[in-house]
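Secondary and tertiary structure notes
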Amino acid sequence: MAMKRTKTPWMKAEDFGRSLPRGIGVNLLVSDMAAMVAFCGDVLGARIVYADEDFAAIELLGSVFMLHADHSYLDNPMTGSIAGAETRGAGIELRLHGAAPDAIEAAALEHGHIVLAGAVDKPHGLRECYIVGPDGYVFVPSAPLAG
């Protein structure tokens, strides 16, 4: 594992790992940590729990997900799956239930991100939009339609 971190992390990795709740976790490998952290905060409205050059813990809508810089995964099995990839997560939608699609769409445009589809009411009872973040991950903020 190649680390660029120069400061002391806010907690030990093993303590953070043990603190994660049961359930599904999301970890995104990113080529530009600063750009993805900024996207999460500025566009998605996430709280940045911790971020450095190698790792970030992001809290969004009551869940925590992680970002790992590509260089920190050099000895990980995932390394081969991202080598030479122009975009990441093809076919995966990171759905943000309970988010504000109109506000997130506006923030994405303000910060120069791609809006694949603007906010619209869908037949499945949600208002949603599709936003492309750094490295090509697609985020789908959605809110339930009034009944």
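Here the structure is shown first, and the text comes after it.
Notes on the structure in this doc start here. As a convention, each chain's residues are numbered from 1 in the sequence order in which they are written. Given that the model is predicted, a residue must reach a pLDDT of at least 70 before its local features are reported, and side-chain atom pairs must reach 80 or more before they are shown or counted; all residues, however, enter totals for whole chains, interfaces and linings. The side-chain quantities take in all heavy atoms of the structure and omit both hydrogens and water.

**Observations concerning the pattern of salt bridges**
- Only one rule defines a salt bridge in this text: a Lys or Arg side-chain nitrogen within 4 Å of an Asp or Glu carboxyl oxygen. This structure, assessed with the given rule, holds five salt bridges.
- A salt bridge links Lys-122 to Glu-128; the nearest nitrogen and oxygen atoms lie 3.9 Å apart.
- Overall, the relative accessible area of 1% leaves Glu-128 in the buried class.
- One salt-bridge network, held together by shared partners, links Glu-93, Arg-95, Lys-122 and Glu-128. Any residue under 20% of the maximum accessible area for its type is buried, any over 50% is exposed, and the rest in between are partly exposed; the area is computed with a 1.4 Å probe on protein chains only.

**Some remarks on the nonpolar core**
- To define a nonpolar core, start from buried Ala, Val, Leu, Ile, Met, Phe, Trp, Tyr and Cys residues and group those joined through side-chain atoms within 4.5 Å. Core analysis: the largest hydrophobic core is formed by 29 residues, its most contacted members being Leu-28, Met-36, Leu-44, Leu-67, Tyr-137 and Phe-139.
- Looking at this core, the elements that each hand over two or more residues are strand 1 (27-30), helix 2 (33-42), strand 3 (55-60), strand 4 (63-69), strand 5 (93-97), helix 4 (101-110) and strand 7 (126-132).
- A per-element tally of this core places helix 2 first, with five residues.
- Working rule for contacts: check all heavy atoms of both residues, and any pair within 4.5 Å makes them a contact. Setting aside its immediate chain neighbours within four residues, Leu-28 contacts Met-36, Phe-65, Met-66, Leu-67, His-68, Leu-94, Tyr-137 and Phe-139.
- In terms of nonpolar packing, the next biggest core, distinct from the first, is built from five residues, Phe-16, Phe-55, Ala-57 and Met-66 among them. Working definition: helices are DSSP H or I runs of at least four residues, strands are E runs of at least two. Numbering for both runs from the N terminus.

**Focus on the sheet that holds strand 1**
- Pairing between strands is defined by DSSP: at least two bridges between them are needed. With mixed pairing, four strands are arranged side by side in an open sheet as 1-4-3-2. Where the open sheet ends on each side, the last strands, each with one partner, are strand 1 and strand 2 (47-51). Adjacent strand axes in the sheet meet at a mean angle of 25 degrees, parallel and antiparallel pairs treated alike.
- Fitted lines through C-alpha atoms give the axes, limited to the stretch in contact for helices. The angle between two N-to-C directions lies from 0 to 180 degrees. Here helix 2 sits on the sheet in contact with strand 1, strand 2, strand 3 and strand 4, set at roughly 160 degrees to strand 4.

**Describing the packing of aromatic side chains**
- Between the rings of Phe, Tyr and Trp (Trp by its six-membered ring), a pair exists once the centres lie within 6.5 Å; its type follows the angle of the planes, with under 30 degrees stacked, over 60 edge-to-face, and the other angles tilted. The tally for this structure, following the rule as stated, stands at one aromatic pair.
- Residues Phe-39 and Phe-139 carry aromatic rings whose centres are separated by 5.2 Å and whose planes lie at 50 degrees to one another, so their mutual orientation is tilted. Of this pair, Phe-39 sits in helix 2 while Phe-139 sits in strand 8 (residues 138-144), and the two are 100 residues apart along the sequence.

**A look at unusual backbone geometry**
- In this structure, Leu-61 takes a positive phi of about 55 degrees despite not being glycine.
- By secondary structure assignment, the location of Leu-61 is in the loop between strand 3 and strand 4.
- In this structure, Asp-135 takes a positive phi of about 70 degrees despite not being glycine.
- On the secondary structure map, Asp-135 appears in the loop between strand 7 and strand 8.
- A relative accessible area of 17% places Asp-135 in the buried class.

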